[in-house]
Amino acid sequence: MKLAIYGQTYQQNTKDIIDRILAITQKNNAEVVFEANYHALLVENNISVKEMPTFSSHTELNASFDFFISIGGDGTMLRATTFVKSKEIPIVGINAGRLGFLANVQQDSIEKSLLSLFEGNYKVSERTLLSLECYPDPCDIYDLNFALNEITVSRKNTTSMITIETCLNGEFLTSFWADGLIISTPTGSTGYNLSCGGPVITPESKCLVITPIAPHNLNVRPLVICDETEIKLKVSGREPQFLVSLDSGTKAIDNENEIHVKKAPFTINMVDFPEEGFLKTLRNKLLWGEDKRN
């Protein structure tokens with residue numbers, strides 16, 4: 001078995017996580033390859049990985065890799081997708097942060113979860129992505145314009161609201177007067193969408209949700225739509241530009257541009273373990289069913 005390992009930061013618990021991963025992978029004769037920048041960070045902090053192989057770009061990942069292990073929080077998982085892209089390598093998220101819906105392997109279950117990988121005791125969950133096209137500006141935020149969580153348009157350099165003319169499959173829906181608009185996948189429904197009052201959607205549902213950010217009209221509500229819908233947005237406001245965000249990447253776009261959002265032609269595979277499923281994570285993170293009264 002061959003594993004790619006990626007992280008973004010060094011934290012107090014990083015050494016313990018890496019040591020435990022290496023112990024179980026070596027015991028099971030698995031090959032481990034570190035992302036180059038993360039590898040350098042680990043070496044700098046005196047973790048014994050100096051002689052281990054590295055990769056620097058998504059072009060160095062191929063079908064020989066069985067899994068891509070992300071160490072961090074949900075933000076690290078989102079960046080991991082820019083390495084995997086359409087290669088269908090399943091991503092395993094080890095949560096080294098706090099609130100995490102994507103990185104669902106907790107630190108106290110690293111050995112158990114990795115052993116489940118070697119034993120084949122896991123499920124691959126296919127996650128929908130969103131693709132973005134801009135006209136006439138190509139609007140390239142990454143070298144491949146897609147998002148696992150959400151695509152957002154929002155105001156730039158102003159406290160005034162923007163107007164977002166929205167069409168679904170060529171039919172006019174409405175003009176949102178708001179601070180912005182979130183178009184979220186089911187995976188992203190527990191992120192920015194949730195904080196703005198949108199619904200939680202189970203990961204493999206075949207839908208998207210459109211959620212306004214601080215709308216001017218109180219009767220405007222999030223809208224759940226079929227994931228085969230093509231969404232067209234046209235933004236106007238007092239400023240000549242607005243912001244477009246794909247997960248954690250953001251770019252300023254001129255108001256003259258039209259934004260087209262639709263489901264990407266490929267999916268991202270994420271690994272779920274029986275003991276760390278979405279519903280359990282939802283209960284734990286949102287404290288459902290817990291009586292907090294003293």
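About the cut-offs
- Residues numbered from 1 in each chain as written.
- Predicted model: local features only at pLDDT ≥ 70, side-chain atom pairs only at ≥ 80, totals over all residues.
- Heavy atoms only, no water.
- Pairing = 2+ DSSP bridges.
- Helix = DSSP H or I, 4+ residues; strand = E, 2+ residues; numbered from the N terminus.
- Axes fitted to C-alpha atoms, helices over the stretch in contact; angles between N-to-C directions.
- Phe/Tyr/Trp six-rings, centres within 6.5 Å; stacked < 30°, edge-to-face > 60°.
- Buried < 20%, exposed > 50% of the residue type's maximum accessible area, 1.4 Å probe, protein only.
- Lys NZ or Arg CZ within 6 Å of the ring centre and 35° of its normal.
- pLDDT = per-residue confidence, 0-100.
- Polar contact = N/O pair within 3.5 Å; in protein donor to acceptor, adjacent residues only side chain to side chain.
- Contact = heavy atoms within 4.5 Å.

### Some details on the sheet that holds strand E14 (residues 223-226)
Whenever strands of a sheet pair, they do so through backbone hydrogen bonds, lying parallel or antiparallel. With antiparallel pairing, six strands are arranged side by side in an open sheet as E14-E13-E12-E9-E16-E17. Each of the sheet's edge strands pairs with one partner strand only, and the pair in question is E14 and strand E17 (249-254). On average, each strand axis in the sheet is inclined to that of its neighbour by 20 degrees, with strand direction left out of account. Pairing between strand E16 (residues 241-246) and E17: six bridges, direction antiparallel. Following the sheet pairing, Leu243 is matched in E17 by Ala252.

### Describing the packing of aromatic side chains
Applying the stated criterion across every chain yields a total of eight aromatic pairs. Judged by centre distance (6.5 Å) and plane angle (65 degrees), the ring pair of Phe55 and Phe65 falls under edge-to-face. Linking Phe55 in strand E3 (residues 54-55) with Phe65 in the loop between E3 and strand E4 (67-72), this pair joins segments that are ten residues apart in sequence. The class of Phe65 is buried, set by a relative accessible area of 7%. Ring pairing ties together the aromatic residues Tyr6, Phe55, Phe65, Phe68 and Phe83, which thus form one cluster. When the ring centre of Phe65 is taken as origin, the NZ or CZ atom of Lys2, which lies over that ring, is 4.3 Å away.

### Quick word on the pairing of strand E5 (residues 91-95)
In terms of burial, E5 is a largely internal element, five of the five residues being buried. Here E5 shows a buried face lined by Ile91, Gly93 and Asn95 and a second buried face lined by Val92 and Ile94. Of the pairings in the sheet, the one linking E4 to E5 comprises five bridges and is parallel in character. By the bridge assignment for E5, Phe68 is matched with Ile91.

### Some remarks on the confidence of the model for the protein
Chain-level pLDDT for the protein is 91 on average; 96% of the residues reach the 70-or-more range. When mean pLDDT is compared element by element in the protein, E14 scores highest at 98, while helix H6 (residues 278-286) scores lowest at 83.

### Comments concerning the sheet that holds strand E15 (residues 231-236)
Here we have six strands laid out as an open sheet, ordered E8-E7-E18-E15-E10-E11, and antiparallel in their pairing. Strands with a single pairing partner mark the edges of an open sheet, and in this sheet they are strand E8 (146-147) and strand E11 (171-178). Sheet topology note: the E15/strand E18 (residues 258-263) ladder contains four bridges and is antiparallel. Among the inter-strand pairings, Ile231 is bridged to a residue of E18, identified as Val261.

### Observations regarding the side chain of Asn193
Tracing the backbone shows Asn193 in helix H5 (residues 192-195). Only 2.9 Å separates the side chain of Asn193 from the backbone oxygen of Ser189, close enough to count as a polar contact. Filtering out sequence-adjacent residues up to four positions away, Asn193 remains in contact with Ile182, Ser184, Gly188, Gly198, Pro199, Val209 and Thr211.

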